[in-house]
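Results of the structural survey
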Amino acid sequence: MASAGGGVAVIKQKAQRRAPRLAAFTAAALAIPGMSEAEGIDLKPENFGIDSAYSNYQESHGRMSVMAIQSDAAAQWADDLNFKVNTVLDYIGGGSDPMNQSLVGGASPVFYWGKGNTYGKKTGELEYSQATHGAYKGLKGGIFDQRLSVSGQLSKKFDDLTLGLNGGNSTEWDYVSNFFNLDGTYDLNGKNTTLSTGFGYASDTVWADGGDQGQIHQTYTNGKEIGGNKNTYQALLGLTQIIDRTSLLQANVTVSNSSGFLSDPYKSAWVNNIPGGGGFGPQNTFCTQSVRFSFSPNLCADTRPGTRTQEAVLVRYVKDFEELNQAALHLDYRFYSDSWNVQSHTFEANWVQPLPYEMILSPHVRYYTQRSSFFYQGVYDNPTANGFYSSDYRLASFGAIAGGVSLNKAIIPNFNVGAGIELYDRSQGSGFMGGTGSAADNYSFTIYSVNVNLKL
Amino acid sequence: MGSPCHLSLFGGSFEELERAATTVLEEVERIEQRYSRYRQDSVLSDLNRKAFTPQGVVVDDEMAGLLDYANTCYEESDGLFDVTSGLLRRAWNFSGQAVTLPPQSTIDQLLKRVGWGKVIWDRPLFRFKVSDMELDFGGIAKEFAADRAVHTLVRHGIHSGVVNFGGDLRVIGPRPDGSPWEVGIYHPHHAGELLATLPLHQGAVTTSGSYERYLEVAGKRYSHLLNPKTGWPVRGLASVSVVAPLALIAGSASTIAMLKGKGGPQWLKSMGLPALWVTDAGKVGEFKRPPL
């Protein structure tokens, strides 16, 4: 390269500390006239990478960290027509060693059967009632998953009526969902009353991730793949009424119907008094088993009815207190009921208190009580006549109390920092709805969170 | 250029952006005029006509730089990236439907006029050793233009934006709030679906794939990327995306990886750039740079 001169030699020398092949390409590229003259551009590959801003939230035992990367591009087609595309990439990593039973609880708690456990129980003796494993990561299990979601929204505004259409696709290692929603809001009474209505449909496919980022699907012992399709229809009707200058009332009714594979692909339940005797070795002949949990015939794969109809009513009251520095009170009550006999009540109160120095303090408290589904048991005393088995703690009877407080401060305009603490306690005994629950499902946790927001 | 080109720029004033964009378009037009094989009056077409003469052609610095780069690509790809292989497209019609595959004799005839080993490149002198050869900068010019566009914009004081030339893109700088640009990469086997989203603060990402331009004969798919040694379409990978500081490097790397077929992932690892690929069978792989 006679005419390139000393510049190229220097670049080549620096570049060769990196991979020699990349160095050759880089040197040749930078030697082309006009390629190296960019001031202010950092061309060293080690300075860039796949990094981006993320919001970080750690559970009290350092378990789950959620990285949310979000962007959206909004373009206006016409004054009253907006098209927006969202992409959200959530990377969910962490989870714990499934056999370490001192780390239970969390956003998606998992309970593991105590084979070889550290609680002083005999080998094979059941410690917890439920066996589960999450999306696959090597042999350690835990929860490891990646989700990619793309959705689009279209909305059109007429005088008092706004219609929206929203649809998209969400893919994880063990789940694909295609969905769309239609919604409309209508303002009456000079905007003092708003009616809203919505309809949605989702078509999902679920399976149990057996490795290779979901390419391998787990099966039952009869060879059939665990999982299947699930269709959900949902409808909503809502009313928001402004009561006076400082308060409003909101009421929503939602109904939905799901059909298809509604069981949990990862969970199994323990059944006593089975034909052929229990322990290890004898074949299971009375229920479906997942291959992963077929080492004992007492374990039956989570099997739930193929349809579920759900209804919920939400009532919310919001009041502003101008005299208390624009503080606000939110009171929520929600009633839920479904065709699996699950019923629940939620009572929640939030207080938003602006403080001097651009700070906002938000304490809140929530009480929740639930009745179990008709087929739930912590441990089954006998095989069931209907063939349903589920020890999923989310279908049990229980009560839960949660409370917390967060504090946010604006450092400079458009830049906020916040910190919060949330306590949660779930126990079988603190519900009032009866039904079946298990003290083995009790847990509590504390979450600390920190967030930073910058808006330009 | 043969593909849609898109600039997203953030700047202080609309006039400033307009001025910058105009300069970029002029630069891109200049590159197109010089290196397009579709234009009879381009510098490249002129070279193609005159290079098979005893005295050859003396080329200017920019053409020389590109020829040196093409030479590096040839050597580092074990001869698979070859800017003389454009002739082979005459045997394959990738834009329409074909009923049959080209006869081997047609390919053999064309192969006689293909091969970087059949040129003499002794900067600044360029010569073809065999008649009726042709240089094609199709794998280089567009990416070079993207990098030149970015450098032009930076000189104009634009530090935030993206230059997207037909799906190969180079970031000028992150968004004004510092957040990265989210780049979606299409899944080669599921039309319209995204395979991944990549956040980029700077640098370039290019994707080479066999899923947009191909030939289907008797139910089998033939990619538009041809192996210059055999004249036949390559197999093995359905798409490759590479991240690099320059679009030129990312583009060459993703093309070479595709040309290497099953050997692509191994080659990408030796390159050391972040890369994502999908095999013909649908298996997804990636290479993340180890921390330095």
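Residues numbered from 1 in each chain as written. Chains lettered and ligands numbered in written order. Predicted model: local features only at pLDDT ≥ 70, side-chain atom pairs only at ≥ 80, totals over all residues.

**Focus on the overall build of chain B**
Of the regular secondary structure elements, chain B holds seven helices and 14 strands. Taken across its 292 residues, chain B has 45% of its residues classed as buried. Counting only contacts in chain B whose residues sit at least 6 apart along the sequence, the fraction spanning at least 24 positions is 60%. (Helix = DSSP H or I, 4+ residues; strand = E, 2+ residues; numbered from the N terminus. Buried ≥ 20, exposed ≤ 12 C-beta atoms within 10 Å, placed from the backbone. Contact = placed C-beta atoms within 7 Å.)

**Notes on the overall build of chain A**
Each helix and strand in chain A was counted, giving two helices and 19 strands. Taken over 456 residues, chain A has a buried fraction of 24%. Restricting to contacts in chain A with at least 6 residues of sequence separation, those with at least 24 account for 56%.

**Details of the nonpolar core**
Ranked by size, the top nonpolar core spans 86 residues in total, and within it A:Ala29 and B:Ala250 carry the most contacts. Considering each element in turn, this core owes the most residues, nine residues, to helix H6 (residues 247-260) of chain B. Once you skip the residues sitting within four places of it in the chain, A:Ala29 turns out to touch A:Met35, B:Tyr69, B:Leu246, B:Leu248 and B:Ile249. Ranked by size, the runner-up nonpolar core spans 20 residues in total, among them A:Trp270, A:Phe388, A:Tyr389 and A:Ala396. (Core = buried A, V, L, I, M, F, W, Y, C linked by C-beta atoms within 7 Å.)

**As for the sheet that holds strand E4 (residues 125-128) of chain B**
One open sheet accounts for three strands, arranged E2-E4-E3 (chain B); its pairing is antiparallel. The open sheet has two free edges, formed respectively by strand E2 (57-58) and strand E3 (119-122) of chain B, since each of these has just one partner strand. (Pairing = 2+ DSSP bridges.)

**Notes on the environment of A:Asp338**
Residue and element names in this part refer to chain A. Topologically, Asp338 is positioned in strand E14 (residues 327-338). Residue class for Asp338 comes out partly exposed when judged on the 16 C-beta atoms lying within 10 Å of it. Along the backbone, Asp338 and Ser373 are 35 residues apart, and their C-alpha atoms lie at a distance of 8.7 Å. With residues near it in sequence (within four places) discarded, Asp338 still touches Arg308, Thr309 and Gln310.

**Quick notes on unusual backbone geometry**
Residue and element names in this part refer to chain B. With an omega dihedral of 5 degrees, the bond running from Arg123 to Pro124 counts as a cis peptide bond. Along the chain, Pro124 falls in the loop between E3 and E4. For Asp78, which is not glycine, the phi dihedral falls at a positive 55 degrees. The phi dihedral of Asp132 falls on the positive side, at around 60 degrees, and the residue is not glycine. Mapped onto the elements of the fold, Asp132 is located in the loop between E4 and helix H5 (141-155). C-beta crowding within 10 Å serves as the criterion here: with 11 such atoms nearby, Asp132 is assigned to the exposed category.

**Focus on the environment of A:Leu355**
Residue and element names in this part refer to chain A. Mapped onto the elements of the fold, Leu355 is located in strand E15 (residues 343-355). Note on Leu355: 13 C-beta atoms within 10 Å, which makes it partly exposed. In this structure the C-alpha to C-alpha distance between Leu355 and Ala327, which are 28 residues apart in sequence, comes to 9.0 Å. Not counting residues up to four positions away in its chain, the partners in contact with Leu355 are Ile360 and Leu361.

**Brief notes about the packing of H6(B) against helix H7 (residues 264-271) of chain B**
Residue and element names in this part refer to chain B. With their axes 7 Å apart at the nearest point, H6 and H7 run at an angle of 145 degrees to one another. Contacts between H6 and H7 involve Ala253, Ile256, Ala257, Met258 and Lys260 on the former and, on the latter, Gly264, Trp267, Leu268 and Met271. Considering only residue class, the contact of H6 with H7 consists of seven nonpolar, one polar and one charged. (Axes fitted to C-alpha atoms, helices over the stretch in contact; angles between N-to-C directions. Nonpolar A, V, L, I, M, F, W, Y, C, P; charged D, E, K, R; others polar.)

**Looking at the confidence of the model for chain B**
Residues and elements named next belong to chain B. Of all residues in chain B, 89% attain a pLDDT of 70 or more, and the chain-wide mean is 85. Across chain B, the element-wise mean pLDDT spans from 66 in strand E1 (residues 5-10) up to 96 in E4. Reported confidences for the modelled complex are a pTM of 0.48 and an ipTM of 0.87. (pLDDT = per-residue confidence, 0-100.)

**So, the packing of helix H2 (residues 20-30) of chain A against H6(B)**
Relative orientation of the contacting elements H2(A) and H6(B) amounts to 135 degrees, with a least axis distance of 10 Å. Between H2(A) and H6(B), the interaxial angle falls into the category oblique. Crossing handedness for the pair H2(A) and H6(B): right-handed. Contact residues: A:Phe25, A:Thr26 and A:Ala29 in H2(A); B:Leu248, B:Ile249 and B:Ser252 in H6(B). For the contact of H2(A) with H6(B), the per-class residue count stands at four nonpolar, two polar and no charged. (Parallel < 35°, antiparallel > 145°, perpendicular 65-115°, else oblique. Left-handed = near helix turned anticlockwise from the far one by under 90°.)

**Notes on the environment of B:Pro265**
All names here are of chain B. Relative to the helices and strands, Pro265 is located in helix H7. On the basis of neighbour counts, which here come to 19 C-beta atoms within 10 Å, the residue Pro265 falls in the partly exposed class. Along the sequence, Pro265 and Gly285 sit 20 residues apart, while their C-alpha atoms lie 7.9 Å from each other. Excluding residues that lie within four positions of it along the chain, Pro265 makes contacts with Trp277 and Gly285.

**With respect to the confidence of the model for chain A**
Residue and element names in this part refer to chain A. Averaged over chain A, the pLDDT score is 68; the fraction of residues at 70 or greater is 61%. With pLDDT under 50 throughout, residues 1-18 is counted as low confidence; its partners more than four residues away or in other chains account for 20 contacts. Per-residue pLDDT stays below 50 along residues 38-146; that stretch engages in 192 contacts with residues further than four places along the chain or on separate chains.

**Observations regarding the pairing of E4(B)**
Residues and elements named next belong to chain B. The alternating pattern of E4 places Phe126 and Phe128 on a buried face, while none of Leu125 and Arg127, on the opposite face, is buried. Two elements, E2 and E4, share two bridges in a ladder whose sense is antiparallel. Each residue of the ladder has a partner; that of Val58, found in E4, is Leu125. Joining the antiparallel neighbours E3 and E4 is a turn of two residues.

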